[in-house]
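Letter by letter, the chains look like this.
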Amino acid sequence: MNIAAAANETLAHNSNLLVYSAMAVYTLAFLAHMAEWVFGSRSKVGRTAAALTAQARATATVSVQKAQQAGGTAVLERPEVITKPVAGSRDVPDGPGAAGGTEKGDLYGRIAISLTVLAWALHVGGVVTRALSVERAPWGNMYEFSTTFAAVAVTLYLLLLAFKKNVRWIGLPLVTTVLLDLGLAVSVLYTASDQLVPALHSYWLWIHVSCAIISGAALYLGAVSTLLFLFRDSYEAKLADPKGKQPGAFASSVLERLPSAASLDKFAYRINATIFPLWTFTIIAGAIWAEAAWGRYWGWDPKEVWSFITWVAYAGYLHARATAGWKGRKAAWLALIAFTCYLFNYYGVNIFVTGLHSYAGV
C-alpha cells in the first residue's frame, strides 16, 4: 500500500514537472510566433495585393465606361443603386499570413510550430501522467480540466495544420491563451492528486467531461476566429470607404496579413456548427449521469442552467446565420456572447456559485 502511494506521488510529481516544462517551451513558441509577426510586418505582399485588387477594379470600371462610349449608340442604363455590403461579403483575397511572405518570417513561423509540437508532447505527457497517478480520468477538478482543455485546444490546432488548413495565424493567440490557462491552473486552481467523491465514480465521467472539453476547445478556436473577423471586417470596411478614416499603420500591418473577413467568418461558422451537436450530447450525457448519481435528470443546478444557456446562445447564433438580416457582425457578436457563457459556466459557476458541481475544493 505504501509502495503504491509512493508511486502515485512520484507520478504526480512527474506530471507537474512535465506541465512546467511544457509552459517553458510554450513560452519559446510564443516568442517565435512574435518574431514571425514582427518580421512579417516588413513585407509589402499584403499591401501590394490590396493595391493591385483595387487597381484592377478601377481599371475594369474604366474599361466598361470606355466601351459604352465607343458604341456610338446611347445606352440607357439602370440607375445605380448603392447598397452597403454585408459584412464579410467583400471580394477580398486572404492575406499572406503572419510571415507576410518573407523567408525570415516564415522561418520563425516554422520554428514556432516545431516548438508548439514539442510543448504539446510534454503537455500531453503531463496530463497522461496525472491520470496514471490517480488511476482515473484526468479531469476531476478545475486544475485537471484546465490542463486537459489546453492540451485538446493545441491538439485541434495541430490537426488542422496537419490537414493543410490555413490556420497558422491562430498560433500566436492560441499559445498566449494556453500560457495564461496553464499559469492560472498551476498557481490558483492547483489541486493535489487525489481520488474523487463517490458521485463522480462513473464511466460517465469519461464520456460527459471529455465531450465538454473537446467542445470547449473547438468553440475556443471558433471564438478566436470570430473576434478576428470583427477586426478584419472593420479594416476592410475602412479600406472600401476612401472618404472615411483609413486604418493606422499598426492595424494595417497586422490585419492585412490575416485571412479575409469572409474566410474568418466561414471558418468560425464551420467550427461552431460542427461542434454544436457534440455540445448537445454533452448536456444529454450530463443529464443521464445526474439521474444515475442523484436520482433526477434535471435539477436546475447552476452548472446545468448555464450549460443550457450556452446551448441556447449557440443555437441562436446558428439560427441567426440562417437568417439573412443577422449574418455578419450581428451573428458574430452572438457567437462571442455564447462563448462568454461557456467561460462563465466554467470559471464563474465553479468558483463563485455553490452547487452540486462544486467539487475538489475549487
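Scroll up for the structure.
Since the structure is predicted, the reported quantities are computational estimates derived from the model, not experimental observations.

A. Molecular detail of the overall build of the protein chain. Within the protein chain, the secondary structure is distributed over 10 helices and zero strands. Counting helices and strands in the order they occur from the N terminus, the protein chain gives α-α-α-α-α-α-α-α-α-α. Out of the 362 residues belonging to the protein chain, those deemed buried represent 44%. A sequence separation of at least 24 residues applies to 85% of the contacts in the protein chain between residues at least 6 apart.

B. Broad picture of the layout of surface pockets. Within this model, the second largest pocket holds a volume of roughly 480 Å³. Considering the residues around the second largest pocket, the lining is formed by 19 residues, among which Leu-160, Lys-165, Phe-267, Arg-270 and Ile-271 are closest to the centre. When residues of the lining of the second largest pocket are traced back to their parent elements, those giving at least two are α4 (142-162), α6 (204-240) and α8 (261-294). Top element by residues in the lining of the second largest pocket is α8. It accounts for eight residues.

C. Layout of the packing of α4 against helix α10 (residues 329-352). It is at 12 Å that the axes of α4 and α10 come closest, and there the two elements cross at 160°. Considering their axes alone, α4 and α10 lie roughly antiparallel with respect to each other. In the packing of α4 onto α10, the handedness of the crossing is left-handed. Residues Met-142, Phe-145, Ser-146 and Phe-149 of α4 pack against Tyr-342, Tyr-346, Tyr-347, Asn-350 and Ile-351 of α10. Across the contact of α4 with α10, the residue classes break down as seven nonpolar, two polar and no charged.

D. Examining a nonpolar patch on the surface more closely. A cluster of nonpolar side chains, Ile-284, Ile-288 and Tyr-297, forms an exposed patch at the surface whose accessible area comes to about 280 Å². Checked against the element boundaries, Tyr-297 lands in the loop between α8 and α9 (302-321).

E. Spotlight on empty space enclosed by the protein. Considering all chains together, one arrives at two cavities of 30 Å³ or more under this definition. Taken as a whole, the second largest cavity spans an internal volume of roughly 40 Å³. Along the walls of the second largest cavity sit Ser-15, Val-19, Gly-126, Val-127, Arg-130, Pro-138, Tyr-143 and Thr-147, which together make up its complete lining. Of all the elements in the fold, those that place two or more residues in the lining of the second largest cavity are α1 (2-40), α3 (103-134) and α4.

F. Region of interest: α9. Its 20 residues give α9 an end-to-end C-alpha distance of 29 Å, which sits within 8% of 28 Å, the value for a rise of 1.5 Å per residue. Looking only at α9, the buried set comprises Lys-303, Glu-304, Ser-307, Thr-310, Ala-313, Tyr-314, Tyr-317, Leu-318, Ala-320 and Arg-321. In this structure, the buried residues of α9 make contact with α6, α8 and α10.

G. Representation of the packing of aromatic side chains in the model. All chains considered together, the criterion is met by 15 aromatic pairs. The interplanar angle of 5° and the centroid separation of 5.2 Å between the aromatic rings of Phe-39 and Tyr-108 together place this pair among those described as stacked. With Phe-39 in helix α1 and Tyr-108 in helix α3, this residue pair connects regions lying 69 residues apart in the sequence. Phe-39 sits in the buried class, given a relative accessible area of 18%. A connected cluster of aromatic rings, assembled from ring pairs, spans Phe-276, Trp-298, Trp-300, Phe-308 and Trp-311. Against the face of Tyr-269 rests Arg-321, its NZ or CZ located 4.4 Å from the ring centre.

H. Just unusual backbone geometry, in detail. A positive phi angle, close to 55°, is found at Glu-135, a residue other than glycine. For Glu-135, the position within the fold is in the loop between α3 and α4. Given the relative accessible area of 66%, Glu-135 is considered exposed. In this structure, Lys-164 is a non-glycine residue whose phi angle is positive, near 65°.

I. Inspection of the nonpolar core at higher detail. Counting residues in hydrophobic clusters, the biggest one holds 81 residues, and the most contacted among them are Tyr-26, Ile-170, Leu-174 and Tyr-220. Broken down by secondary-structure element, the contributors of at least two residues to this core are α1, α3, α4, α5 (171-187), α6, α8, α9 and α10. Not counting chain neighbours up to four residues away, the residues in contact with Tyr-26 comprise Thr-116, Ala-119, Trp-120, His-123, Val-154, Val-175, Val-178, Leu-179 and Leu-182.

J. Representation of the packing of α9 against α10. Their axes nearest at 8 Å, the elements α9 and α10 cross at an angle of 170°. Here α9 is positioned roughly antiparallel relative to α10, judged by the angle of their axes. Contact with α9, carried on its side by Pro-302, Lys-303, Trp-306, Ser-307, Ile-309, Thr-310, Ala-313, Tyr-314, Gly-316, Tyr-317, Ala-320 and Arg-321, involves Ala-331, Leu-334, Ala-335, Ala-338, Phe-339, Cys-341, Tyr-342, Phe-344, Asn-345, Tyr-346, Val-349 and Asn-350 of α10 and no other residues of that element. Of the residues contributing to the contact of α9 with α10, the split by class is 17 nonpolar, five polar and two charged.

K. How the structure looks around the pattern of salt bridges. Evaluation of the coordinates by the stated rule reveals nine salt bridges. For Glu-236, the salt bridge goes to Arg-232, with nearest N and O atoms at 2.8 Å. Here Arg-232 and Glu-236 lie together in helix α6, a separation of four residues that amounts to about one turn. Arg-232 matches Glu-236 in its accessibility class, with the two residues each being buried. The salt bridge partner of Glu-304 is Arg-296, with a shortest N-O separation of 3.0 Å. A residue is classified by how much of its surface remains accessible, and Glu-304, at 8% relative accessible area, is buried. Three or more residues are tied together by salt bridges with common partners; here these are Glu-36, Asp-106, Arg-110 and Arg-168.

What counts, and at which threshold
- Residues numbered from 1 in each chain as written.
- Predicted model: local features only at pLDDT ≥ 70, side-chain atom pairs only at ≥ 80, totals over all residues.
- Heavy atoms only, no water.
- Helix = DSSP H or I, 4+ residues; strand = E, 2+ residues; numbered from the N terminus.
- Buried < 20%, exposed > 50% of the residue type's maximum accessible area, 1.4 Å probe, protein only.
- Contact = heavy atoms within 4.5 Å.
- 1 Å grid on protein atoms, 1.4 Å probe; cavity = no way out; pocket = protein on both sides within 12 Å on 5 of 7 lines; lining within 4 Å.
- Points joined across faces, edges and corners; volume = space filled by probe spheres on them.
- Axes fitted to C-alpha atoms, helices over the stretch in contact; angles between N-to-C directions.
- Parallel < 35°, antiparallel > 145°, perpendicular 65-115°, else oblique.
- Left-handed = near helix turned anticlockwise from the far one by under 90°.
- Nonpolar A, V, L, I, M, F, W, Y, C, P; charged D, E, K, R; others polar.
- Patch = residues over 30% accessible without salt bridge, like charges linked within 9 Å, V, L, I, M, F, W, Y side chains within 5 Å.
- Areas by Shrake-Rupley, 256 points an atom, 1.4 Å probe, with all protein chains shown as cover.
- Salt bridge = Lys/Arg side-chain N within 4 Å of Asp/Glu carboxyl O.
- Expected span 1.5 Å × (residues − 1).
- Phe/Tyr/Trp six-rings, centres within 6.5 Å; stacked < 30°, edge-to-face > 60°.
- Lys NZ or Arg CZ within 6 Å of the ring centre and 35° of its normal.
- Core = buried A, V, L, I, M, F, W, Y, C linked by side-chain atoms within 4.5 Å.

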